Amino acid sequence: MDRPLYQLEEVSRCFGAARALDRCSFSIPAGRVTGIAGPNGSGKSTLLSLLAFVERPDEGRVLFEGREEHPFSPAVRHRVTLMPQTPFLLDRSVFDNVRYGLSLKKETTDVADKVGRALARVGLDFDAFSRRRRHELSGGEAQRVALAARLVLDPEVLILDEPTASVDAASSFLIHQAILAFAAQPGKTVILTSHDAAWLDSVSDEILFFFRGRRVTEKMGLLLFGPFAKDPASGAWVAGTGQGTIALPEPPSADAVAAVPERCLRMGTEEGAHEAGFDAEVRETALEKGRTGARVTLIGAGFPLTLSCPPHQLPEPGRTVRVSYPLSSVQWL
Ligand SMILES: Nc1ncnc2c1ncn2[C@@H]1O[C@H](COP(=O)(O)OP(=O)(O)OP(=O)(O)O)[C@@H](O)[C@H]1O
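Let me begin by describing the structure that accompanies this report. Model, not experiment: these values are computed from the prediction. (Residues numbered from 1 in each chain as written. Predicted model: local features only at pLDDT ≥ 70, side-chain atom pairs only at ≥ 80, totals over all residues.)

In this structure, V98, A148, I159 and I191 are the most contacted members of the largest nonpolar core, which totals 82 residues. With seven residues, the top contributor of residues to this core is helix α5 (residues 139-151). When we break this core down by domain, the ones giving at least three residues each are domain 1 (4-216) and domain 2 (220-332). If we ignore the near neighbours within four places in the chain, the residues touching V98 are V115, A118, L119, V145, A148, A149 and V152. (Core = buried A, V, L, I, M, F, W, Y, C linked by C-beta atoms within 7 Å. Buried ≥ 20, exposed ≤ 12 C-beta atoms within 10 Å, placed from the backbone. Helix = DSSP H or I, 4+ residues; strand = E, 2+ residues; numbered from the N terminus. Domains from an automatic or database assignment. Contact = placed C-beta atoms within 7 Å.)

This is the structure:
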């Protein structure tokens, strides 16, 4: 059993009347890669800033190794490093940007060597890049320099908010490799977010799911937002647009969101009794970390959905498949 590194006890973070995090209680293990997933505004960045001790919760406690810690507390300073969603680079050379954190830590030995190794870990050649300035880097290169500036600090806990946002496939792959190489070292913990579900699956040992500031206990494969309508012919409730509809139980309120757990979605079979079904187009397929499972991303009735399947049953992108689910599996969030 993994030792919990963090324990959150009834943690809330409020902005005015809105709760970006709403009474969250869960733990995060040491020595693993934990992915944080959820739609826009679900509280992921807010959570990361609390885990990095950049901010304090308004309610509840964040325990680190069993003790309540705070911003600037010596127990977490230099041990936990956050790369924010839009990392800031100084208007100086790449070398100075990567070295900057070392100088804050007052590390003066083997500086050039350490900077060179950190750049190599994100696929940047020291001779080609170390003298370049911020404006001489592509978006993907700048993101990798920002990651190198965290890796050079050799933290115990590396927290990354959307490290592959707006980078191309090559940079995304290099960032993936750098994170896995970091995580493979003894005693290292990585906590990260990404909107790219397949990428997050391929890098994470475990994923925690969030929705509207709360942790959702399992991975939801399908989220259905209103407006919902009642089919006058059948009397059944449906979500969807002109591109088709998806059947639901009666919504409890107009702004409720329906969710179907990924494990309840089945692909390629006709629906049985007490099940609903709809046609969906396969958009993307990906193998999970360890390659024992695979994930399929589809679009049905205008809604994106993901479901898992054995790697040998992966359908071809572009195919239309039938997706079925028990109506009783629909949860209201
Ligand atoms: N400084 C702030 N002031 C006011 N509201 C904020 C602030 N920071 C976050 N929020 C609100 O808190 C909620 C959660 O925001 P947060 O950035 O944590 O979500 P997220 O899941 O990271 O979203 P995204 O995927 O879009 O990055 C949102 O409704 C957001 O508008």
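Let's shift gears to the sheet that holds strand β1 (residues 4-15). Paired through their backbone hydrogen bonds, the strands of a sheet run either parallel or antiparallel. What the four strands build is an open sheet, ordered β2-β1-β4-β5; its pairing is antiparallel. Pairing within the sheet leaves two strands with one partner each, and these edge strands are β2 (18-29) and β5 (67-68). Both β1 and β2 contribute to a ladder of eight bridges, which runs antiparallel. Bridge pairing in β2 links C14 to R19. Together, β1, β2 and β4 (59-64) form the strand contacts of helix α1 (residues 44-51), whose direction differs from that of β1 by roughly 125 degrees. (Pairing = 2+ DSSP bridges. Axes fitted to C-alpha atoms, helices over the stretch in contact; angles between N-to-C directions.)

Keep in mind that these numbers describe shape and distance, not what the molecule does.
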